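# Close look at the chain arrangement
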Amino acid sequence: MDRRSLLTAATGAVGAVAASQAPAGATPPAHPGPGRRPVTAFNVISDIQGDLRDLGVALDDMRRTNPASSGLAVAGDITPRGYDAEYAAVTAELKRHSHPRTVAWAIGNHEFYVPKWRDPETLAQDTWPNGTTEDSLFRSFYRFAGRGSVRAEHSFGGVPVLSIGTEKYMHYHDPKLWDEVWIGEAQFAWLEERLAYWARRRKPVMVVTHHPLPNTVSGSHNRLYSRDYLQADRLLGILGRHRDVFLFCGHTHWDLALSDWYVRRVVPGTANPEGFSVVNTGAVQTGYTDDGKGGEVTVPGAFNQGLQVEVFRDRVVVRARDFAAGAWLKQITVPLSTWI
């Protein structure tokens, strides 16, 4: 069982595009060149896991820095365990704060942790699944997200945002597995079709998923997260064809201050030697970093991080934000292959 499960019990090649770094607390520099005003700007967070206070802090900070935000993407682990009451608490917290009308929810592994509990107060992993069906866990997510599937497409100011995620909780299907991601044929076909559709229309595409793909951003080289996808090569093969795809992923909670918070992932055989963009989303609840021994260690102090994404006609700017400190950590400017 991985570190995420223990938390609940207790409670090709990579190349970087040059980044411009902003000191903590500094105002990000003005953007030179054509299109000084973005076409749209939106926010990305992940791994709330019941930390509603920090969610409120993040929402208030996003409102100050991006008051006209066209959307909010949440890259999974919305709840600590997946109980309906926990989803309801997130909804209630959202209502207490200003936030974008359009929210793109991705499913995370914590949305499947109800079966470890006999009731909300009694941990009972030895008797998993404690009468909880796999189908009921998906139904809870669907009711909360207001849709009938894991995959979804939203528009943030005219920019397509695709949410993807696992369609099985694997411990129901193989006792040796737990949180691994399984994607069905229909979801693969849908993703392939939507990426091709938007490529023909010369649009960058934002893809939101919970788990990081191997050999991409912070933590994905670590033994804890290197095998999260059961069909990693197939997913990489689809994403890797498109230069203007941006994949946002959470799960690791690894600090956005790390140098590999953003990478270009090149997938051999895709005829795209420049690769696609992969961005770590940080986390609202608790931060981690490499312990230097193949594991991880908690980041000390207050931790509450996420992203602000600005899409211009010719580039995308991704800014890492420390919501707790109200400070910018760094930013990356990624040129688009075509103007939009």
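Values in this document were obtained by computation on a predicted structure and should not be read as measured data.

## Some remarks on helix H2 (residues 52–65)
- Look at H2: 20 Å from first C-alpha to last across 14 residues, which is about the 20 Å you get at 1.5 Å a residue.
- Looking at H2, one finds that the buried residues are Asp-54, Leu-55, Gly-56, Ala-58, Leu-59, Asp-61 and Met-62.

## Some words on unusual backbone geometry
- The omega torsion across Trp-128 and Pro-129 is 10°, close enough to zero to call that bond cis.
- By the secondary structure assignment, Pro-129 is in the loop between strand S7 (122–123) and helix H4 (134–145).
- At Asp-77, a position not held by glycine, the phi torsion is positive, near 55°.
- Here Asp-77 is to be found in the loop between strand S4 (72–75) and helix H3 (84–95).
- The exposure class assigned to Asp-77 is buried, which follows from its relative accessible area of 0%.
- Here Asn-130, not a glycine, exhibits a phi torsion of approximately 55°, which is positive.

## A closer look at the environment of Glu-167
- Take Glu-167: it is sitting in the loop between strand S9 (159–163) and helix H5 (185–200).
- Spatially, the C-alpha atom of Glu-167 lies 6.7 Å from that of Gly-184, the residues being 17 residues apart in sequence.
- Setting aside its immediate chain neighbours within four residues, Glu-167 contacts Glu-134, Phe-138, Val-150, Trp-182, Ile-183, Gly-184 and Gln-187.
- From its side chain, Glu-167 meets the backbone nitrogen of Gly-184 in a polar contact 2.5 Å long.

## A look at H5
- Its 16 residues give H5 an end-to-end C-alpha distance of 23 Å, which sits within 8% of 22 Å, the value for a rise of 1.5 Å per residue.
- Every buried residue belonging to H5 is among Gln-187, Phe-188, Trp-190, Leu-191, Arg-194, Leu-195 and Trp-198, and all of these are buried. Projection of H5 onto a plane perpendicular to its axis shows the buried side chains occupying an angular sector of 165°, all on one side. Exposed residues lying more than 90 degrees from the buried face of H5 are Glu-185 and Arg-200.
- Looking at the buried side of H5, the elements it contacts are strand S8 (152–156), S9, strand S10 (205–209), helix H6 (232–239) and strand S11 (245–249).

Criteria and thresholds
- Residues numbered from 1 in each chain as written.
- Predicted model: local features only at pLDDT ≥ 70, side-chain atom pairs only at ≥ 80, totals over all residues.
- Heavy atoms only, no water.
- Helix = DSSP H or I, 4+ residues; strand = E, 2+ residues; numbered from the N terminus.
- Expected span 1.5 Å × (residues − 1).
- Buried < 20%, exposed > 50% of the residue type's maximum accessible area, 1.4 Å probe, protein only.
- Contact = heavy atoms within 4.5 Å.
- Polar contact = N/O pair within 3.5 Å; in protein donor to acceptor, adjacent residues only side chain to side chain.
- Arc of directions from axis to C-beta.

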